[in-house]
Amino acid sequence: MDNLQTAINFIKNSSNIVAFTGAGASTESNIPDFRSAGGLYRENEKYKYPPEYMLSHTFFMKHTEEFFDFYKNKMIYRDARPNNCHIGLARLEEIGKLKAVITQNIDGLHQLAGSKNVLELHGSVYRNYCMKCGAAFDLDYIMDEGKPVPKCNKCGGIVKPDVVLYEEALDHDVLNKSIAFIKAADVLIVIGTSLVVYPAAGLINYYRGDKLILINKSPTPYDNVARLVIKGNAGDVMKSIINSIAV
Ligand code: NAD
């Protein structure tokens, strides 16, 4: 039996599945990831600093205007729509098989596809807060071209995206819930992540089961511990899974 068929059987027989997704889950929605050939880290264009630095807390504090220029141009895809990966995971939740999607993505596409229990480890571009008074703002407010650095309309403080930058800690509550879901999972499906960004990647180590499925276009450091590695596009693989489950 090939790996895809075995994965389908695991999924058919389980009602305690957890998914852990990365930027590769959204590339078929035309949002570039960081490390693929067409990814952001391979681009070498107008920005004079590496993306890791431009997305760090230090850079945000020191070069706030440049941060927002990069962020608005490279991290925001307001027209992106969910692809078969997001849609398939939402369906698995709807039919009672999938308990949670834990995502490193900040694009909101799992929710747009209909997933209800989404744990956003790295936050979301759709939430933004004033650093001074805590007032909340939507994405449109941040994107206003007239304001290179978005400022609070109540107190004048800088409005910061609720996105975890390099050097910043993950939200404790989201992290603890993610760990609990992974610890309790029967099947863990890891999709489209290079598994090199910590602490998020280390979450896999909390999994206690023996049905770890990795779906990725390229090898990852966890391939040797996975029960099944499925090489392919996340959207295609999820579509085959959903079609085979026939619901
Ligand atoms: P990454 O760029 O490091 O790795 C993406 C992985 O997905 C690679 O291994 C690649 O081979 C694989 N991949 C790409 N397209 C795929 C597809 N269609 N099907 C299957 N696999 C595919 O991304 P990461 O591991 O998520 O870590 C990078 C960080 O970047 C995360 O913290 C995330 O917050 C952030 N990020 C988010 C978005 C988003 O929200 N959509 C986009 C870019 C980066």
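Each value, and the rule that gives it
Residues numbered from 1 in each chain as written. Predicted model: local features only at pLDDT ≥ 70, side-chain atom pairs only at ≥ 80, totals over all residues. Heavy atoms only, no water. Helix = DSSP H or I, 4+ residues; strand = E, 2+ residues; numbered from the N terminus. Rg over C-alpha atoms; globule rule 2.2 N^0.38 Å. Buried < 20%, exposed > 50% of the residue type's maximum accessible area, 1.4 Å probe, protein only. Contact = heavy atoms within 4.5 Å. Areas by Shrake-Rupley, 256 points an atom, 1.4 Å probe, with all protein chains shown as cover. Pairing = 2+ DSSP bridges. Near = heavy atom within 4 Å. Polar contact = N/O pair within 3.5 Å; in protein donor to acceptor, adjacent residues only side chain to side chain. Nonpolar A, V, L, I, M, F, W, Y, C, P; charged D, E, K, R; others polar. Expected span 1.5 Å × (residues − 1). Axes fitted to C-alpha atoms, helices over the stretch in contact; angles between N-to-C directions. Domains from an automatic or database assignment. Buried area = accessible area lost by both parts, 1.4 Å probe. Salt bridge = Lys/Arg side-chain N within 4 Å of Asp/Glu carboxyl O.

## Considering the overall build of the protein
- Across its full length, the protein holds 9 helices and 9 strands.
- Radius of gyration (C-alpha) of the protein: 18 Å, near the 18 Å computed for a compact globule of 247 residues.
- Of all 247 residues assigned to the protein, the portion counted as buried reaches 51%.
- A sequence separation of at least 24 residues applies to 63% of the contacts in the protein between residues at least 6 apart.
- When the accessible surface of the protein is summed, it comes to about 11700 Å², and 49% of that surface belongs to carbon and sulfur atoms.

## A few points about the pairing of strand β4 (residues 123-130)
- Summarising the sheet, β4 and strand β6 (residues 159-163) pair through 5 bridges and their orientation is antiparallel. Paired with C130 across the bridge in β6 is V159.
- Two strands pair when backbone bridges link them, and β4 and strand β5 (residues 136-137) are joined in this way by 2 bridges, in the antiparallel orientation. By the bridge assignment, N128 is partnered in β5 with F137.

## Topic: the site of the ligand
- Close to the ligand lie 28 residues; R35, Q104, H122, S194 and S218 are nearest.
- Contacts to the ligand include A23, whose backbone N or O atom sits 2.8 Å from an oxygen atom.
- Within the contact set of the ligand, a nitrogen atom lies 3.5 Å away from a side-chain nitrogen or oxygen of N233.
- In isolation the ligand exposes 850 Å². Once the protein is present, 96% of that is buried.
- Among the residues making up the shell around the ligand, the classes are represented as 8 nonpolar, 15 polar and 5 charged.

## Points about the pairing of strand β1 (residues 17-21)
- The buried count for β1 comes to 5 of 5 residues, which makes it a mostly enclosed element.
- With burial as the criterion, each face of β1 is covered, one bearing I17, A19 and T21 and the other bearing V18 and F20.
- Summarising the sheet, β1 and strand β2 (residues 98-103) pair through 5 bridges and their orientation is parallel. What sits directly across from V18, in β2, is A100.
- Two elements, β1 and strand β7 (residues 187-191), share 5 bridges in a ladder whose sense is parallel. The partner of T21 across the bridge, within β7, is I191.

## Points about the side chain of N216
- Counting through the fold element by element, N216 comes out in strand β8 (residues 212-216).
- Engagement of the side chain of N216 in a polar contact is seen with the backbone oxygen of T193, the distance being 3.0 Å.

## Side note on helix α4 (residues 64-74)
- Regarding α4, the residues found buried are T64, F67, F68, F70, Y71, K72 and K74.
- Against α2 (51-54), α3 (57-62), β4, α7 (139-143) and β6 lie the buried residues of α4.

## Examining helix α9 (residues 234-245)
- Under the 1.5 Å per step criterion, the end-to-end length of α9 is 17 Å for 12 residues, consistent within 8% with the ideal 16 Å.
- For α9, the secondary structure elements touched by its buried residues are α1 (3-12), α5 (84-94), β7, β8 and β9 (228-231).
- Downstream of α9 by one or two residues, A246 has phi in the positive range, about 55 degrees.

## Digging into the sheet that holds β6
- With antiparallel pairing, the 3 strands of this open sheet are ordered in space as β5-β4-β6. Looking at strand neighbours, the two that pair on one side only are β5 and β6, the edges of this open sheet.
- Those strands touched by α4 are β4 and β6, and its axis lies near 50 degrees from that of β6.

## Focus: the domain arrangement of the protein
- One can read the domain layout of the protein as domain 1 (1-31 + 81-122 + 164-247), domain 2 (39-76) and domain 3 (126-163).
- Between the C-alpha centres of domain 1 and domain 2 there is a distance of 27 Å.
- Residue-level contacts link 5 residues of domain 1 with 9 residues of domain 2.
- Counting the surface domain 1 buries against domain 2, the share from its top three residues, L165, Y166 and E167, is 76%.
- The tally of links between domain 1 and domain 2 comes to 0 salt bridges.
- On the surface where domain 1 and domain 2 come into contact, there are 5 residue pairs in polar contact (both at pLDDT 80 or more).
- Taken together, the residues that form the side of domain 1 that touches domain 2 break down as 3 nonpolar, no polar and 2 charged.

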